[in-house]
Amino acid sequence: MSEQTTAPETTAVHAEPLEQAEARLQPIRWKFPVTYILLGLLSLLVFTLLIPSGAVTQFRVSTANDFITFDAINVPSFGTALVLSILQLALAAWAVYAAVHRIRLGAWHPVLFGILFVLAFLVYAGAGRGAFIPMVTLLSGALMLSVPLIFGAMCGLVGERSGIINIAIEGQLLAGAFLAAVAASFFTSAYVGLLAAPFAGAAVGALLVWFAVKYHVNQIIVGVVLNVLVIGLTSFFYSTVLTQNAELWNTRQQLPRLPIPGLSQIPIIGPVLFNHTILVYLMYVIVFALSILVFKSRWGLRMRAVGEHPKAADTVGINVARTRVINTILAGAIAGMGGAYFTVGQGLAFGQEMSAGQGFIALAAMILGRWNPKGALLAALLFGFSTSLGQTLSTIGTPVPSEMLLMLPYVITIFAVAGFVGRVRPPAAEGVPYIK
Amino acid sequence: MSEADRKNDAAPESSSPAPAPGGALKEAESRLHYALRDLAQSSWVITVLSIVVALGVGAVLILATNAQVQDTLGYFFARPGDFFSASFEVIRDAYSALFRGAVYDWQAATPQRSIRPLTETLVNAVPLILAGLGIAIGFRSGMLNIGGQGQIILGATCAAFIGYAFQLPLGLHLLLALMGGVLGGAIWGGIAGVLKAKTGANEVIVTIMLNNIALYFLAWLLRQQWFVQTGSNQPIAAPVEDSARLFGLLGSGFRLHAGIFIAIAATVFVWWLLERSTLGFEMRAIGENPEAARTAGVNVPKATALVLIIGGALCGLAGAAHLLGTEYRLAAGIAGTLGFDAITVALLGRSRPLGTFLAGLLFGGLRAGGVLMQAQTGTPIDIVLVLQSVIVLLIAAPPLVRAIFFLPGTDTKPKKPRHRRRALRDTASRRAEDPALAGSAQGEGSQR
Amino acid sequence: MKLQLKGVTKRFGTFTANDQIDLTVQPGEIHALLGENGAGKSTLMNTIYGLYSPDEGEILLDDEPVRFSGPGDAVAAGIGMVHQHFMLIPVFSVTESVMLGYEPTKGPGLIDFTEARRRVKEISARFGFEVDPEAMIEDLPVGAQQRVEIIKALSRDAKVLILDEPTAVLTPQETDELISIMRQLKASGTSILFITHKLREVRAIADKITVIRRGKVVGEATPESTETELASLMVGREVSLTTQKEPAQPGETALSISGLSVVSAQGKTLLDDVSLEIARGEILCIAGVDGNGQTELTEAILGIREAAAGTITLDGTDLGPKSVKQRLNSGIGFVPEDRSTDGVIAGFSITENFVLDQYDQPPYSNGVAMKHEVMRAAAAEQTSRFDVRLGTVDDPISTLSGGNQQKVVLARELSRDNRLLVASQPTRGVDVGSIEFIHRTLIEERAKGTPCLIVSTELDEVLNLADRIAVMYRGRIIGTVPGDTDRDVLGLMMAGVPAEEAKAQAATHHTVLGEADAEAEEQA
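The residue count restarts for each chain, going from 1 along the sequence in the order it is written. Starting at A for chains and at 1 for ligands, labels are handed out in the order in which the entities are written. Local features in this predicted model are restricted to residues of pLDDT 70 or higher, and side-chain atom pairs are both shown and tallied only at a pLDDT of 80 or more, whereas totals for entire chains, interfaces and linings draw on every residue. Hydrogens and waters are ignored; side-chain quantities use all the structure's heavy atoms.

Peer 1: Just checking my understanding: could you explain the overall build of chain B for this structure?
Peer 2: Per the convention used, a helix needs a DSSP run of H or I reaching at least four residues, while a strand needs a run of E reaching at least two, with both numbered from the N terminus. Each helix and strand in chain B was counted, giving 20 helices and zero strands. Relative accessibility under 20% of the residue-type maximum defines a buried residue, over 50% an exposed one, and the middle range a partly exposed one, all with a 1.4 Å probe and only protein chains included. Per-residue burial for chain B yields a buried fraction of 62% across its 448 residues. We call two residues contacting when some pair of their heavy atoms lies within 4.5 Å. Look at the contacts in chain B between residues 6 or more apart in sequence, and 75% of them connect residues 24 or more apart. Each accessible area value is a Shrake-Rupley result obtained with a 1.4 Å probe; residue values ignore everything except the protein chains displayed when judging cover. For chain B, the accessible area works out to roughly 16,000 Å², and carbon and sulfur atoms hold 67% of it.

Put into structure tokens, the structure is as follows:
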């Protein structure tokens, strides 16, 4: 549209008044301040005022197995929640000021607000229940639950950055989980399962990109159908081979935890981040590598070019089809590896449809993270945290239904794509077959 | 598709070149028409061949997992004949059970039981057709409604609650329960529709998210005593009253219910809506080219919202018919895989009402046959999902099917210079090879 | 480097886009390839650039036959190309755009950004371009984007540079800058193959001219040939470049716009305080370079775009609160700028396209259901009146050529009583034969007393049709001048110089094209 074609400026005689007009007409963005105010009030009126008087909230910040253990921390519920709520409202006021004066606030602002809000909620949820809120379990659980989401989101990101929309992340996770379980069981080694899983995901990715690139079939449709295909195939084999001879094909194998010496002994951070299986460490490596490679490497530059404007890439000698094929298969391998989490990662045997919609949350995390590895990581962690919180709260028993927390990722994503969390701008050529 | 058609085309330079950047997912949507047109292009030949290939894939799976066949493979080089005869028997048993379970069971004890499979196929087809129509309306209007699942859940939930929570006279109760289902689905589709209309939120993402939200919402409802009204902690709701059930058509022993008439009526209605009404013209116009529709005075946001509202309503109706006609009790798994099956139904039916109806029958039949096949030969019903997805993948890629069968095809040339040229040929070929669709106004083909 | 084509043929199915093309570009020569839209120019360029492989014939560089399997090969052989639609990625920086495909790396595939920036700076310094290597492409004006494209080609040591319709988006003054760049490149030994359908440019810049028509070389010419000679060579018959018309007889004011402003969703001002009036029986042309608010002006009149301020009145009625549909039904005929995106629906039949903006109006519909027979009869009658070459009205409109599609649009918009006609780029992408027809039709509409607002970026068209000309620049009307205003003055106004000042400047300094204009007048 014409908005995108900027007017030429060769003789900028009359440029000045226009730019003034633009600054004047720049609308004030009320969305965030209003949200902050509403959440702050929620925190004050519900989380604070509904706390029974004299109640105490107990936090446990270490587990019995930790290198350094701490006593549980007891805080007075009402006072703590009140302070946290006031801090939130102060941040909200700051946001209002910034909005009126059209100052941009950094990412720290929403993050800090989010932490305060969650803490206030935890204080309220644990007030006077006599049960501890296990912070380490909560956080490490969040990380564990995010593992398939992060792998899935990285898969989606690599695919979409090269122009292939991947709705089949769900299927890739499931295929990875299946092959990991079968291979691990057959060779009685969880590590073999971990090695096998990427191949399953890559195979699904190969099918996706084959239909998308060679036959120009709508990528969303292929993705949806591939999900059905993978569910059908894995369930079929589960009901036949895996059930008939479970000892051979579907026994539990678990990747061992490998605490990193030194790092894993740091209080709180250690048990949360550095006492995991190799799968989690691989995840760190992949996220770190992608966050650099996508923007700073030749591979990444070409991938983005193909995803934004394939013809432009073609005219400088980049093979669009090959780039898309390789990257989508590579992405599939990443998701397949993430699928291993469900079986060998958790030490479970394969079960039908055990990926349970995580692939779609991964897709959501990628969108919320704006096709950026770091953003997708944060979004996936947020989603993992909300699930972990749901699980923790359902054990200590709180008035908030766990289903609501499980819904949270999806609701947030809808708000995000509805433009509430700023403009979401996917790669321009995503989903568009390249035909010379 | 004579070559003369191509000559009519404008010279290449005047047809639009490569897609310009910008617009992103929206671009993908506009590409939807190409995808759908490619589906429409494939003739019945392609469809039949796709089914044959899918059955072949299924056969390989069945053989690969059959213990008997595996045994004969052990001494294959000594007595290869054993392997082939064993394979033949296994496949024959499985697929004959599939057919008997879906159409006519010549081995059944009574004539009544012999024709029961066909009625079971119809029972299964009812929700598939209704939801398939809902999805198809979206496809024709350029919207990928992946949210059938959520809309079905909401439809079933509303219908069920009205069905057991109220005591109402016979006809009225059923009508209200069905209306409730329609409303539930329409609201759930409408959320995506209104968000897309107001903010441009991509409906693929929103409907996927709404599916999962619906799932948790139902799980939560089923834990609430005011909702389930059973007095037990089981996550299953009370059965719907008799007055709210879709009445059986053939007496005891048969599950066939009046929902089939709803499915037929809905098919006719959708045909009229898309091909004959002004609203349908608007919907198809925004699907083909929203900018041109807007320039022509169509209220695009309103039409966009309506597409997903009507589509959601049909999916909701599917959920209601499924619950009031077959299930009677609301449980967490009420929608099964219906929502995703409906997408494959709409795709196989090329988003056309009659096609969707026939595709619904086919997949309903696979499902009904799958039950008997599982019971008699131990082949898991999950194989139906495999068959379904293979069929749909193949009809979406006719050149692949042609290649499998070494058929000469216009599409086998690897480089297709221009979409427009293909559009021409496609329409021509569809008309030539596809008499069932020849009369319908063309809704595919679009140009950037 | 010398570029030579021998018998190059390219077919798409049975359609022959290029038929036995022979062409030689000598080292250091500016060679123009002249042809109408659809003559096969772009196909030929894409073949030279390795995007297509020729079905027959060969390409020679310095007398050595070459075969390219892709653009990469062509670039390696020293061919550079600036496409009509720039091959730039909006979200990339200038540096990223220039290095793409030829990235300097260090370590394990990581890009050496310092080196890449250095290259951009070095080339821009060599040719005196001012381009910030860090700027995002989408933030750059069109002229600067074109310079990035040229830098891109030069950074790969292009010895032959292909420029595809390079002036389509430039003001005459920007075109002048481009011409001086081309001459500079020529002086440094680069051969330039320059594609256009604009006769004036060819005569002003080219050393040698090859004309192609319907995929064949139909002749060679020199810059000394007259425009009429070139035009008849290009079209294949005698053409009259101007349409005869009676002087306007304006009636009372019909359309009156005052203080109209439009702001984009991003808060950018697209239309700034625009006021104009059109009388009955008068054609007002809006001239200007693409993207200076013309589109927004027409869209605001139709109601697709909301006005931030100002009023639009038609025959005394305020259009402000009316919906698009109400405006269309009240008698606004609207020919959109981009036919394929806004004017027709490619997959719909000719009939359906014919009723596209009246589908729910009588006699075509009763409001709920459509009346197919009535629609078909009307479509058949009107398309034959407008001389649309078609099979049946049930065929998809995509079976028609661009010119015939445009005639369907005009048939739709002019087959009813209009109180206002708004036409944007009425002849864009249309063959010369149809242009004449469309111009005549528009002038007939004026004769009926309809006030006409015509937007065109082609100065030729503007000068041909206009009774009055309003020039737009950056969302404003820089001035309204009579229909016979001098091309140089219009050019300066298109670059933002107010009318009076423009007249003064134009008197002292002629642009290359303006000189060609004057020359043409002398010849005539």
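Peer 1: How should I be thinking about the domain arrangement of chain C in this particular structure?
Peer 2: One frequently used descriptor of interface size is the decrease in accessible area upon assembly of the parts. Residue and element names in this part refer to chain C. Domain assignment breaks chain C into domain 1 (3-235) and domain 2 (253-499). The interface is formed by 11 residues belonging to domain 1 together with 12 residues belonging to domain 2. A side-chain nitrogen of Lys or Arg and a carboxyl oxygen of Asp or Glu constitute a salt bridge if their distance falls within 4 Å. Linking domain 1 with domain 2 are zero salt bridges. Counting of polar contacts relies on pairs of N or O atoms within 3.5 Å, with two restrictions inside protein: one atom must be capable of donating a hydrogen and the other of accepting it, and residues adjacent in sequence are counted only when both atoms are side-chain atoms. The tally of links from domain 1 across to domain 2 stands at zero residue pairs in polar contact (both at pLDDT 80 or more). Each residue gets one label: Ala, Val, Leu, Ile, Met, Phe, Trp, Tyr, Cys and Pro are nonpolar, Asp, Glu, Lys and Arg are charged, and the others, such as Gly, are polar. The residue makeup of the side of domain 1 that touches domain 2, split by class, is four nonpolar, four polar and three charged. Segment limits for the domains were obtained from an automatic or database-derived domain assignment.

Peer 1: Can you help me understand the pairing of strand β4 (residues 56-61) of chain C in this one?
Peer 2: Residues and elements named next belong to chain C. Relative to β4, strand β1 (residues 3-12) runs antiparallel, the two being bridged by five bridges. Bridging from a neighbouring strand, Leu-3 pairs with Leu-61 of β4. For two strands to be treated as a pair, DSSP must find at least two bridges joining them. Sheet topology note: the β4/strand β5 (residues 64-66) ladder contains three bridges and is antiparallel. Pairing of Leu-61 across the sheet is with Glu-64, part of β5.

Peer 1: Explain the side chain of Gln-425 of chain C here, please?
Peer 2: Residues and elements named next belong to chain C. Mapped onto the elements of the fold, Gln-425 is located in the loop between β19 (420-424) and α15 (432-447). Residue classification places Gln-425 among the buried positions, given a relative accessible area of 4%. With residues near it in sequence (within four places) discarded, Gln-425 still touches Asp-290, Glu-337, Gln-406, Val-455, Ser-456 and Thr-457.

Peer 1: Looking at this structure, how should I read the sheet that holds strand β1 (residues 56-60) of chain A?
Peer 2: Hydrogen bonds along the backbone pair up the strands of a sheet, which may run parallel or antiparallel. All names here are of chain A. Spatial strand order, β2-β1-β3: three strands in an open sheet with mixed pairing. Taken across any chain shown, the strands that pair with only one partner, and hence form the sheet edges, are β2 (73-76) and β3 (132-134). For this sheet, the mean inter-axis angle between neighbouring strands, taken without regard to orientation, is 30 degrees. With three bridges connecting them, β1 and β3 associate as parallel partners. When the bridges of β3 are listed, Phe-59 appears paired with Ile-133. Fitted lines through C-alpha atoms serve as axes, helices being fitted only where they are in contact, and the angles separating the N-to-C directions of these axes extend from 0 to 180 degrees.

Peer 1: Explain the packing of aromatic side chains here, please?
Peer 2: Each aromatic ring pair is characterised by the separation of its centres together with the angle its planes make. Within 6.5 Å between ring centres, the rings of Phe, Tyr and Trp (the latter by its six-membered ring) count as paired, and their orientation is classed by plane angle as stacked under 30 degrees, edge-to-face over 60, tilted in between. This model, assessed by the stated rule, comprises 35 aromatic pairs over all chains. Taking the centre distance of 5.2 Å and the plane angle of 65 degrees together, the rings of Trp-210 of chain A and Phe-211 of chain A count as edge-to-face. Taken together, the ring pairs in this structure connect Phe-178, Phe-236, Phe-237, Tyr-238 and Phe-350 of chain A into an aromatic cluster. Between Arg-100 of chain B and the ring centre of Trp-106 of chain B, over which it is positioned, the NZ or CZ distance is 5.8 Å. Each ring is checked for a lysine NZ or an arginine CZ that lies within 6 Å of its centre and within 35 degrees of its normal; such an atom marks a charge sitting over the ring. Arg-284 of chain B extends its terminal NZ or CZ atom over the ring of Phe-348 of chain C, reaching a point 5.1 Å from the ring centre.

Peer 1: Where do I start with helix α5 (residues 142-155) of chain C in this structure?
Peer 2: An α-helical turn contains 3.6 residues, so a residue and the one three or four places further along point in the same direction. All names here are of chain C. Compared with the 20 Å implied by 1.5 Å per residue over 14 residues, the 20 Å span of α5 between its first and last C-alpha is a close match. Counting buried positions along α5 gives 12 out of 14 residues, so the element sits mostly inside the fold. Listing the buried residues of α5 in full gives Val-142, Gly-143, Ala-144, Gln-145, Gln-146, Val-148, Glu-149, Ile-150, Ile-151, Lys-152, Ala-153 and Leu-154. Asp-157 lies just past α5 and shows a positive phi near 55 degrees. One fewer than the residue count of a helix, multiplied by 1.5 Å, yields its expected span.

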